[in-house]
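Residues per chain, in single letters:
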Amino acid sequence: MFTPLAGKTVIVTGASKGIGRGIALRFGQAGLNVLVVSRSLAEAEKVAAEIGPNASGFAADVTRVGDCDAMAATAVARYGSIDVLCANAGIFPAAKLGEMTEADFDHVIGTNLKGTFLSVSAVLPQMKAQKQGRIVLTSSITGPITGFPGWSHYGASKAGQLGFMRTAAIELAPWNITVNAVMPGNIHTEGMDGMGEAYIASTAACVPMKKLGSVFDIANAALFFASEEAGYITGQGLSIDGGQILPESPMALDEMGTA
Ligand code: NAP
């Protein structure tokens with residue numbers, strides 16, 4: 001039995017849809033106060049309304065230091081603490097090398113990696129004053145473990161988050177602040193629906209569990225990292241991918257028996 005987190009406060013960035021929305025809903029269900037953050041206030045407020053009175057929306061662009069600082073200040077003003085930060089906002093436009101521009105590269109690194117740094121930096125004064133905090137980054141299997149054509153900048157940003165995490169975990173340990181990362185495989189988000197059933201089926205075929213993950217598979221892992229009981233875990237990345245990174249070759253999947 002895990003210690004209830006009801007009454008604590010979480011900030012979730014990139015929470016208007018996809019994995020961030022799943023994290024916000026799951027933490028809301030666990031009774032935390034949830035600051036739902038995206039660049040669109042209207043979209044953030046929609047998710048907050050789904051959660052209920054313990055949630056509210058806030059508009060912030062994680063590439064902007066002023067927005068991140070305002071986000072942290074708002075969480076403290078509305079709820080009195082920041083116990084958990086889920087730094088989840090991220091983008092994944094594709095561009096192959098040779099076509100990728102400097103602006104493309106900067107945009108992805110600026111959002112995914114610098115956005116992580118700015119979001120974490122913004123909550124630190126409050127977490128340090130509390131002498132307690134949980135930071136959960138949304139990285140990926142892409143970059144830290146695997147690659148995919150068109151995503152060299154994305155993979156670098158997601159691997160960079162883990163490099164950032166390891167040193168942040170050491171620096172913040174004296175304040176009882178842990179820093180960990182969830183590393184999703186292929187997760188069924190609203191965006192995935194638009195790509196069609198054939199795409200979803202072919203992606204699922206590469207996964208030993210033969211299905212895509214749900215946003216709640218990621219949210220549950222984030223909730224574990226946020227728990228009292230995970231207090232001695234820091235600087236760790238957890239792949240949540242139905243075993244996707246495990247097969248040595250397509251034959252490993254062909255050789256699978258059926259249950
Ligand atoms: P998504 O459905 O496209 O949602 C992205 C969220 O981030 C939205 O809420 C978006 O809201 C917000 N966002 C984008 N840029 C932002 C910015 N500059 N400042 C603040 N918010 C911003 O994406 P997702 O698939 O859920 O991915 C979420 C995270 O999971 C990302 O870090 C991604 O790398 C990671 N991930 C996803 C998968 C997957 O299979 N889906 C796999 C591995 C890792 P606004 O547009 O309103 O700002």
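Details of the structure are given in the entry above.
Residues numbered from 1 in each chain as written. Predicted model: local features only at pLDDT ≥ 70, side-chain atom pairs only at ≥ 80, totals over all residues. Heavy atoms only, no water.

*Asks:* Describe the pairing of strand β5 (residues 133-138), with residues and values.
*Replies:* Among the six residues that make up β5, six are buried, leaving the element largely enclosed by the rest of the structure. The side-chain alternation of β5 yields two buried faces, one formed by G133, I135 and L137 and the other by R134, V136 and T138. The pairing of strand β4 (residues 84-87) with β5 spans four bridges and is classified as parallel. When the bridges of β5 are listed, L85 appears paired with I135. Note that the unit made of β4, helix α4 (residues 102-130) and β5 has a crossover that is right-handed. Judged from the six bridges that link them, β5 and strand β6 (residues 177-184) form a sheet pairing that is parallel. (Buried < 20%, exposed > 50% of the residue type's maximum accessible area, 1.4 Å probe, protein only. Helix = DSSP H or I, 4+ residues; strand = E, 2+ residues; numbered from the N terminus. Pairing = 2+ DSSP bridges. Right-handed = clockwise from strand over helix to strand, strands pointing away.)

*Asks:* Go over the packing of aromatic side chains, please, and point to the residues and values.
*Replies:* Pairs of aromatic rings are described using the distance from one ring centre to the other and the angle between the two planes. Scanning all chains against the criterion turns up six aromatic pairs. Relative to Y154, the ring of F92 has its centre 6.1 Å away and its plane inclined at 80°; by these criteria the two rings are edge-to-face. Of this pair, F92 sits in the loop between β4 and α4 while Y154 sits in helix α5 (residues 152-172); the two residues are 62 residues apart in sequence, bridging distant segments of the chain. Assessed through its relative accessible area of 53%, F92 is described here as exposed. (Phe/Tyr/Trp six-rings, centres within 6.5 Å; stacked < 30°, edge-to-face > 60°.)

*Asks:* Describe the sheet that holds strand β9 (residues 237-240), naming the residues involved and giving the relevant values.
*Replies:* Across a sheet, paired strands are connected by hydrogen bonds in the backbone, their directions being either parallel or antiparallel. Sheet architecture is open: seven strands sit in the order β3-β2-β1-β4-β5-β6-β9, paired in parallel fashion. One side of each edge strand has no neighbouring strand; the edge strands of this open sheet are β3 (55-59) and β9. Averaged over all pairs of adjacent strands, the angle between their axes in this sheet comes to 20°, without regard to strand direction. Relative to the sheet, α5 contacts β4, β5, β6 and β9, its axis offset from that of β6 by approximately 160°. Running over the sheet, helix α8 (residues 215-226) touches β4, β5, β6 and β9 and is turned about 165° from β6. (Axes fitted to C-alpha atoms, helices over the stretch in contact; angles between N-to-C directions. Contact = heavy atoms within 4.5 Å.)

*Asks:* Describe in detail the site of the ligand, supporting the description with residues and values.
*Replies:* Taken together, the neighbourhood of the ligand is formed by 28 residues, with S16, I19, R39, Y154 and K158 sitting nearest. The separation between an oxygen atom of the ligand and a polar main-chain atom of N88 is 2.9 Å. When isolated, the ligand has an accessible area of 890 Å², and the protein chains bury 90% of it. More than half of the atoms belonging to the ligand lie within 2 Å of the grid points that define the largest pocket. Within the residue set of the shell around the ligand, elements represented by two or more residues are α1 (18-29) and α5. For the shell around the ligand, the class distribution of residues is 10 nonpolar, 14 polar and four charged. (Near = heavy atom within 4 Å. Polar contact = N/O pair within 3.5 Å; in protein donor to acceptor, adjacent residues only side chain to side chain. Areas by Shrake-Rupley, 256 points an atom, 1.4 Å probe, with all protein chains shown as cover. 1 Å grid on protein atoms, 1.4 Å probe; cavity = no way out; pocket = protein on both sides within 12 Å on 5 of 7 lines; lining within 4 Å. Sits in = over half its atoms within 2 Å of the grid points. Nonpolar A, V, L, I, M, F, W, Y, C, P; charged D, E, K, R; others polar.)

*Asks:* Which residues make up the pairing of strand β1 (residues 9-13), and what are the values?
*Replies:* Extensive coverage of β1 is indicated by the burial of five of its five residues. Across the two faces of β1 the burial is the same, with T9, I11 and T13 and V10 and V12 all buried. In this sheet, strand β2 (residues 33-38) lies alongside β1 in parallel orientation, the contact comprising five bridges. Bridging from a neighbouring strand, T13 pairs with V37 of β2. In this region the chain leaves β1, passes through α1 and returns to the parallel neighbour β2; the handedness of that crossover is right-handed. As paired strands, β1 and β4 are joined by three bridges and run parallel to one another.

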